[in-house]
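Chain by chain, the residues run as shown.
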Amino acid sequence: MAVGKEIRGKIKSVENTKKITKAMEMVAASKMRKAQERMRSARPYSDKVRNIAANLSHANPEYQSPYQRSGGNANAAGFIVVTTDKGLCGGLNTNILRAVTNKMREVQGGGGQMQAVAIGGKGNGFLNRIGAKVVSHALGLGDAPQIDKLIGPVKVMLDAFVEGKVDVVYLCYTKFINTMKQEPVVEQLLPLTDSKLEQSAEEKKAYGWDYIYEPDAVTVIDELLKRYIEALVYQAVAENMASEQSARMVAMKAATDNAGTLIGELKLIYNKTRQAAITKELSEIVSGAAAIGG
């Protein structure tokens with residue numbers, strides 16, 4: 001029964017794997033709810049900053065912030081690439097990195113130069129492998145991202161844009177749609193377009209106040225827009241983390257189901273093998289008894 005012993009070993013191995021994937025599925029489900037709450041709680045802050053910044057920029061049409069100035073032709077592009085630190089989350093990282101690769105090829109096709117900021121270990125490893133210029137990175141953010149860990153790496157790209165080293169900056173992340181669907185997004189972060197600072201009629205009415213500036217309107221507008229950009233990056237990281245836990249939960253559930261299916265198939269093979277061995281032994285016993293009784 002050497003074959004039967006080997007199959008029993010495989011069954012035991014797959015059962016152990018199933019226990020691990022089931023545990024990871026439950027952990028991901030727990031973290032997913034917290035990540036979704038964190039993602040939704042970050043939205044009011046970015047909306048508030050956007051409305052105030054939009055109102056102030058419209059109240060001072062003679063001044064245009066460096067974050068709103070267009071560099072003309074995009075001769076140099078910057079990428080802020082948000083991925084996960086860990087794997088085992090299906091095609092989440094593969095999809096966003098494929099979208100980033102396509103955008104980079106488009107920029108290179110136009111003769112543009114590129115530099116990138118990597119947020120997440122998977123994206124950092126990918127960018128280094130393809131030889132992209134990584135000017136800064138943020139790794140090991142954990143399950144609850146802290147904005148102070150993002151400000152430094154993002155500031156490198158913001159300073160490059162203000163100094164004219166980069167003409168356009170793209171924010172690349174995975175947007176959370178629902179538990180079963182996550183969408184890779186490559187959107188323009190800088191320069192800030194009018195659509196980014198657009199207000200509805202209700203918002204214009206709600207934020208249509210007169211302000212007293214300290215120290216002056218230029219400094220206040222620049223700082224507000226900077227905080228708004230940081231809030232957009234933080235929101236992207238929060239969306240990506242919610243997508244990560246959702247994708248991991250779905251992937252681990254699929255792995256658990258596949259392990260159960262494989263165990264069933266192995267048990268069927270084991271039973272058939274065992275039945276064949278028993279039938280063979282019985283046939284040998286009957287043959288031997290017939291020969292003796294001859």
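Residues numbered from 1 in each chain as written. Predicted model: local features only at pLDDT ≥ 70, side-chain atom pairs only at ≥ 80, totals over all residues. Heavy atoms only, no water.

S.K.: Any details on the sheet that holds strand E3 (residues 134-138)? Residues and values, ideally.
M.R.: Two strands in a sheet stick together by hydrogen bonds in their backbones, pointing the same way (parallel) or opposite ways (antiparallel). If you trace the five strands from one edge of the open sheet to the other, you get E3-E2-E1-E4-E5, paired in mixed fashion. Either end of the sheet is taken by a strand with one partner, and the two such strands are E3 and strand E5 (181-190). For this sheet the average axis-to-axis angle between neighbouring strands, irrespective of direction, equals 20 degrees. Sheet topology note: the strand E1 (residues 76-82)/strand E2 (residues 113-119) ladder contains seven bridges and is parallel. Bridge pairing in E2 places Ile80 opposite Val117. Most of the contacts of helix H2 (residues 92-109) go to E5, to which it runs at about 35 degrees, and overall it touches E1, E2, strand E4 (168-178) and E5. (Pairing = 2+ DSSP bridges. Helix = DSSP H or I, 4+ residues; strand = E, 2+ residues; numbered from the N terminus. Axes fitted to C-alpha atoms, helices over the stretch in contact; angles between N-to-C directions. Contact = heavy atoms within 4.5 Å.)

S.K.: I'd like a rundown of helix H4 (residues 147-162), residues and numbers included.
M.R.: Compared with an ideal rise of 1.5 Å per residue, which puts 16 residues at 22 Å, H4 spans 21 Å between its outermost C-alpha atoms and is within 8% of the ideal. At Val154, H4 is bent by approximately 30 degrees, the largest bend along its length. Of the residues making up H4, those classed as buried are Leu150, Pro153, Val154, Met157, Leu158, Ala160 and Phe161. (Expected span 1.5 Å × (residues − 1). Bend = angle between axes of the 7 residues up to and from the residue. Buried < 20%, exposed > 50% of the residue type's maximum accessible area, 1.4 Å probe, protein only.)

S.K.: Before we move on, can you summarise the confidence of the model for the chain with the specific residues and values?
M.R.: Note: predicted coordinates in regions of low pLDDT should not be interpreted at a detailed level. Residues with a pLDDT of 70 or more make up 94% of the chain, whose mean pLDDT is 86. Here helix H5 (residues 201-206) is the element of the chain with the lowest mean pLDDT, 70, and E1 is the one with the highest, 94. (pLDDT = per-residue confidence, 0-100.)

S.K.: With reference to specific residues and values, describe unusual backbone geometry.
M.R.: Pro191 follows Leu190 through a cis peptide bond whose omega is -5 degrees. Relative to the helices and strands, Pro191 resides in the loop between E5 and H5. The phi dihedral of Leu88 is positive, around 60 degrees, even though this residue is not glycine. Secondary-structure assignment places Leu88 in the loop between E1 and H2.

S.K.: Talk me through the pattern of salt bridges; I want residue IDs and the actual numbers.
M.R.: Per the counting criterion, the structure on display carries ten salt bridges. A salt bridge links Arg227 to Glu230; the shortest N-O distance between them is 3.4 Å. Here the residue Arg227 and the residue Glu230 both occupy positions in helix H6 (residues 217-293), the gap between them amounting to three residues, near one helical turn. According to the relative accessible area criterion, Arg227 is partly exposed, its value standing at 35%. What makes Glu230 buried here is its relative accessible area of 7%. Its salt-bridge partner being Arg248, residue Glu244 comes within 3.0 Å of it at the nearest N-O pair. Of this pair, Glu244 and Arg248 both sit in helix H6, four residues apart, roughly one helical turn. (Salt bridge = Lys/Arg side-chain N within 4 Å of Asp/Glu carboxyl O.)

S.K.: Any details on the pairing of E3? Residues and values, ideally.
M.R.: In the sheet, E2 pairs with E3 via four bridges, with the strands oriented parallel. Along E3, the bridge assignment pairs Ile119 with Ala138. Running through helix H3 (residues 121-129), the crossover from E2 to the neighbouring parallel element E3 is right-handed. (Right-handed = clockwise from strand over helix to strand, strands pointing away.)

S.K.: Summarise a nonpolar patch on the surface; cite the residues concerned and give the values.
M.R.: Together, Ile278, Leu282 and Ile285 line one region of the surface with nonpolar side chains, adding up to about 290 Å² of accessible area. With respect to the element layout, Ile285 can be found in helix H6. (Patch = residues over 30% accessible without salt bridge, like charges linked within 9 Å, V, L, I, M, F, W, Y side chains within 5 Å. Areas by Shrake-Rupley, 256 points an atom, 1.4 Å probe, with all protein chains shown as cover.)

S.K.: With reference to specific residues and values, describe the packing of H2 against H3.
M.R.: Following both chains from N to C, one finds H2 and H3 inclined at 40 degrees, their axes separated by 11 Å at the closest point. In terms of orientation, H2 and H3 fall into the oblique class. H3 is crossed by H2, and the crossing has right-handed handedness. For the pair H2 and H3, the contacting residues are Asn93, Leu97, Thr101 and Met104 in the first and Lys122, Gly123, Phe126 and Leu127 in the second. Among the residues making up the contact of H2 with H3, the classes are represented as four nonpolar, three polar and one charged. (Parallel < 35°, antiparallel > 145°, perpendicular 65-115°, else oblique. Left-handed = near helix turned anticlockwise from the far one by under 90°. Nonpolar A, V, L, I, M, F, W, Y, C, P; charged D, E, K, R; others polar.)

S.K.: Quick rundown of H2? Include the residues and the values.
M.R.: Because the α-helix completes a turn every 3.6 residues, residues three or four places apart line up on one side. With 18 residues, H2 ought to run about 26 Å at 1.5 Å a step, and its terminal C-alpha atoms sit 26 Å apart, in line with that. Buried within H2 are the following residues: Leu92, Asn93, Ile96, Leu97, Val100, Thr101, Lys103, Met104 and Val107. One or two positions beyond H2, positive phi appears at Gly111, with a value near 80 degrees.

S.K.: So, the nonpolar core: which residues are in play, and what are the values?
M.R.: Core analysis: the biggest nonpolar cluster contains 38 residues, and Ile80, Ile119, Val169, Leu171, Leu189 and Leu190 have the highest contact counts within it. Residue assignment for this core shows that the elements contributing at least two residues are helix H1 (2-59), E1, E2, H4, E4, E5 and H6. Looking at this core element by element, the count peaks at eleven residues for H6. Aside from chain neighbours lying at most four places away, what touches Leu189 is Ile80, Val169, Tyr170, Leu171, Ile229, Leu232 and Val233. (Core = buried A, V, L, I, M, F, W, Y, C linked by side-chain atoms within 4.5 Å.)

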